[in-house]
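What follows is each chain in one-letter form.
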Amino acid sequence: FNINANGPQKSLRMTIDAVDAYTENSLAIVTGETRPSTSSAASTLAREAVFNQMDDFLNRLLTNYQMWVEKGRPLSIELKATASSALNLKSTVGDGMVYEHVEDFLLDNAKNGRGVNGSGSSTLYKYPSVYFPLQIKGRKGKTVKLTASTVGANLQRYLESLGIQSEFVTKGAGHLVIYIK
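Read on for an overview of the structure.

A short note on a positive patch on the surface
- Together, Arg 139, Lys 140, Lys 142 and Arg 157 make up a positively charged patch on the protein surface.
- Position of Arg 139 relative to the elements: it lies in the loop between strand E9 (135-137) and strand E10 (143-145).

Structure below.
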C-alpha cells in the first residue's frame, strides 16, 4: 500500500494479491484507493480500502475455486531417470515404455485426462499442468484431499506393481518430481 498526501489530505492506495501456493500464480488481484481525508488515520484508510474491494476479491477467489472443482487443480510433474538407473524413460517394461506407463497412470487419474501432454527425452519428461480432482477416495475408502504427495505415492505404487523402482519428492505444494531408480 501507499499513502498519498496532497496537502493536508491523505488517501491510501492498496493492492491485494492472492497467490496460489501450488502454482505461484496470481488467483485474485484487486487494487483500490480511498477518498481523500484530512482526519482519518492510516489504519482507518487501510480498513476502508480493503473493505471497499473485499467483495470483488472474494468473487475472484470463488471463481478460481469453482474452476478447480469443475476442471481440476493443476500439478506440475517431472519424471527423471537417475544416473544409476538401469532404466531410462524410453526403456520398455512390459507392454510399454516407462514414460508411457506414467502417462497411463496420469490419464487414469487426472480430471478428464486434462493436461497429460508431456514432452521430454530418455532422461527427463515434463508435464507442466496436469489437472487432478480436489478430492479422491483414499486407500481406506474415505474422501481425502488430493495433494502432490498423494499423487506421488500412488504413482510410485503403480510403477512398483510394474517392477519399476522409483521415489518421489515434492517441491512446494504443486510440484512433483518422480525419480526412476
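Details of unusual backbone geometry
- The phi angle at Glu 24 is positive, at roughly 65 degrees, despite the residue not being glycine.
- Tracing the backbone shows Glu 24 in the loop between strand E2 (9-19) and strand E3 (26-33).
- A relative accessible area of 67% places Glu 24 in the exposed class.
- Here Asn 112, not a glycine, exhibits a phi torsion of approximately 55 degrees, which is positive.
- Looking at the secondary structure, you find Asn 112 in the loop between helix H2 (98-109) and strand E7 (119-120).

Here we look at the layout of surface pockets
- In this structure, the largest pocket occupies an estimated 190 Å³ of space.
- Around the largest pocket, the lining is made up of 14 residues, and of these Ile 136, Lys 137, Leu 146, Thr 150 and Asn 154 lie nearest the centre.
- Breaking the lining of the largest pocket down by element, the ones donating at least two residues are H2, E9 and helix H3 (148-161).
- Broken down by element, the lining of the largest pocket gets its largest block of residues, five residues, from H3.

With respect to the sheet that holds strand E8 (residues 124-132)
- A sheet is described by the order of its strands in space; here five strands give the open sequence E7-E8-E4-E12-E11, paired in mixed fashion. A single partner strand is all that each edge strand has here, and the edge strands are E7 and strand E11 (166-171).
- Relative to E8, strand E4 (residues 73-81) runs antiparallel, the two being bridged by seven bridges. For Glu 78, the partnering residue across the bridge sits in E8 and is Lys 126.
- Those strands touched by H3 are E4, E8, E11 and strand E12 (175-180), and its axis lies near 170 degrees from that of E11.

Cut-offs applied
Residues numbered from 1 in each chain as written. Predicted model: local features only at pLDDT ≥ 70, side-chain atom pairs only at ≥ 80, totals over all residues. Heavy atoms only, no water. Patch = residues over 30% accessible without salt bridge, like charges linked within 9 Å, V, L, I, M, F, W, Y side chains within 5 Å. Areas by Shrake-Rupley, 256 points an atom, 1.4 Å probe, with all protein chains shown as cover. Salt bridge = Lys/Arg side-chain N within 4 Å of Asp/Glu carboxyl O. Lys, Arg positive; Asp, Glu negative; His and termini not counted. Charge placed at Lys NZ, Arg CZ, Asp CG, Glu CD. Helix = DSSP H or I, 4+ residues; strand = E, 2+ residues; numbered from the N terminus. Buried < 20%, exposed > 50% of the residue type's maximum accessible area, 1.4 Å probe, protein only. 1 Å grid on protein atoms, 1.4 Å probe; cavity = no way out; pocket = protein on both sides within 12 Å on 5 of 7 lines; lining within 4 Å. Points joined across faces, edges and corners; volume = space filled by probe spheres on them. Pairing = 2+ DSSP bridges. Contact = heavy atoms within 4.5 Å. Axes fitted to C-alpha atoms, helices over the stretch in contact; angles between N-to-C directions.

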